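So you can see what is in the structure, the chains are spelled out below.
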2 protein chains.
Amino acid sequence: MGKVVEFPRTPRTAKPLWRNELGEVLRGERLAQERILTEVAGTAGVSPQYLSEIERGRKEPSSEVLGAVTEALGLELVEVVHRVADSLRARRELERREAERRERLEREVSFTPARGSAYLLAA
Amino acid sequence: MGKVVEFPRTPRTAKPLWRNELGEVLRGERLAQERILTEVAGTAGVSPQYLSEIERGRKEPSSEVLGAVTEALGLELVEVVHRVADSLRARRELERREAERRERLEREVSFTPARGSAYLLAA
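All of these numbers come straight from a predicted model, not from anything done at the bench. (Residues numbered from 1 in each chain as written. Chains lettered and ligands numbered in written order. Predicted model: local features only at pLDDT ≥ 70, side-chain atom pairs only at ≥ 80, totals over all residues.)

Asker: Help me understand the overall build of chain A, please; the structure alone is not making it clear to me.
Answerer: Helix and strand counts for chain A come out as five helices and zero strands. Seen in sequence order, chain A has helices and strands lined up from the N terminus as α-α-α-α-α. Every one of the 123 residues in chain A was classed for burial, and the buried ones make up 27%. Excluding contacts between residues fewer than 6 apart, the proportion of contacts in chain A whose partners are at least 24 apart in sequence is 64%. (Helix = DSSP H or I, 4+ residues; strand = E, 2+ residues; numbered from the N terminus. Buried ≥ 20, exposed ≤ 12 C-beta atoms within 10 Å, placed from the backbone. Contact = placed C-beta atoms within 7 Å.)

Asker: Can you help me understand the relation of the copies chain B and chain A in this one?
Answerer: Superposition of the two copies of the chain requires a rotation about an axis and a shift along the axis. Once turned by 180 degrees and shifted 0.0 Å along the axis, chain B lies on chain A with an RMSD of 0.0 Å. Here the symmetry operator amounts to a two-fold rotation axis. Most of the interface of chain B is mirrored in chain A, where 100% of its interface residues again form contacts. (Least-squares fit on C-alpha atoms with pLDDT ≥ 70 in both.)

Asker: Whenever I open this one, the packing of helix H2 (residues 37-44) of chain A against helix H3 (residues 48-55) of chain A confuses me. Can you help?
Answerer: Two quantities define a packed helix pair, namely the angle between the helix axes and the distance between the axes. Residues and elements named next belong to chain A. Where H2 meets H3, the axes come as close as 8 Å, and the angle between the chain directions of the two elements is 105 degrees. With respect to H3, the axis of H2 lies roughly perpendicular. On H3, the residues touching Leu 37, Thr 38, Val 40, Ala 41 and Ala 44 of H2 are Pro 48, Leu 51 and Ser 52. Per-class residue counts for the contact of H2 with H3 are six nonpolar, two polar and no charged. (Axes fitted to C-alpha atoms, helices over the stretch in contact; angles between N-to-C directions. Parallel < 35°, antiparallel > 145°, perpendicular 65-115°, else oblique. Nonpolar A, V, L, I, M, F, W, Y, C, P; charged D, E, K, R; others polar.)

Asker: What am I meant to see in the interface of chain B and chain A here?
Answerer: The interface is formed by 19 residues belonging to chain B together with 19 residues belonging to chain A. Of all the secondary structure elements, the ones that give two or more residues to the side of chain B that touches chain A are helix H1 (18-32), helix H4 (63-72) and helix H5 (77-111) of chain B. Per element, the largest residue contribution to the side of chain B that touches chain A is nine residues, and it comes from H5(B). A per-class count over the side of chain B that touches chain A returns ten nonpolar, four polar and five charged.

Asker: Even after reading the chapter, I still don't get H4(B), so can you show me in this structure?
Answerer: Because each turn of an α-helix spans 3.6 residues, side chains separated by three or four positions in sequence point in the same direction. Among the residues of H4(B), those classed as buried are Leu66(B), Gly67(B), Val69(B), Thr70(B) and Ala72(B). Gly74(B) sits one or two positions beyond H4(B) and adopts a positive phi of about 75 degrees.

Asker: Please clarify how the environment of Gly67(A) should be interpreted in this entry.
Answerer: Along the polypeptide, Gly67(A) turns up in helix H4 (residues 63-72). Residue Gly67(A) is classed as buried on the basis of its C-beta count, with 20 C-beta atoms lying within 10 Å. Sequence separation between Gly67(A) and Val80(A) is 13 residues, and the spatial gap between their C-alpha atoms is 9.8 Å. Each residue touching Gly67(A), except ones within four places of it in the same chain, is listed here: Leu77(A), Lys15(B) and Leu17(B).

Asker: Just checking my understanding: could you explain the packing of H1(B) against H5(B) for this structure?
Answerer: Residue and element names in this part refer to chain B. Interhelical geometry of H1 versus H5 gives an angle of 115 degrees and a closest axis separation of 9 Å. Relative to H5, the element H1 is oriented roughly perpendicular. For the pair H1 and H5, the crossing hand works out as right-handed. Two secondary-structure elements touch here, H1 through Glu 21, Leu 22, Glu 24 and Val 25 and H5 through Val 80, Arg 83, Val 84, Ser 87 and Leu 88. (Left-handed = near helix turned anticlockwise from the far one by under 90°.)

Right, dumping it as structure tokens:
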């Protein structure tokens, strides 16, 4: 006997965290400049391990450390914060579209008569 | 005998700190909503003392606390970060103009013959 496979509920997307977005922006800029961790960390006066953790969103840098890393990358704080805002906006837009897509798919599924056949949708 | 009062050197403006700008944005929003510390702190699940320190740039909130305060204010992280970026940009513009004004004043002073009279400029 076939049964309708229930479409999974749209997962509540986790709220973005400041340190994650910030880390990605800092890492992205360092890679764009083709510089290695050790060098940027040395200029900023922090250990490469610490900078690596900041870039991966594992540690919250203090405002002073953020300032030093920003300066080591030749940027101003305003530029970094602005990029984080842009990146958060892009992520929100992506999530909005993804939610819309899922909603559309769910509607389509609910319009399809199941009649004993199994439905499995690869999203 | 009169003497030329030397014009003070332009002070090196301190680099803006993330926690200061962030605190001002959070405090500004709370006041704009006419809400008291105790209430917003309670909704965010932090003590009023802690929120007060965050607002005054005395404490670095973790990304989780920032998220909770942001939510308690009915905002999204992207909005808060965007406002901080705007505020940093406005501050930089203000400092640029101030630097230009001082430079102009310094030029004017250096063009004025001193000839034994005292010059005191109120900036």
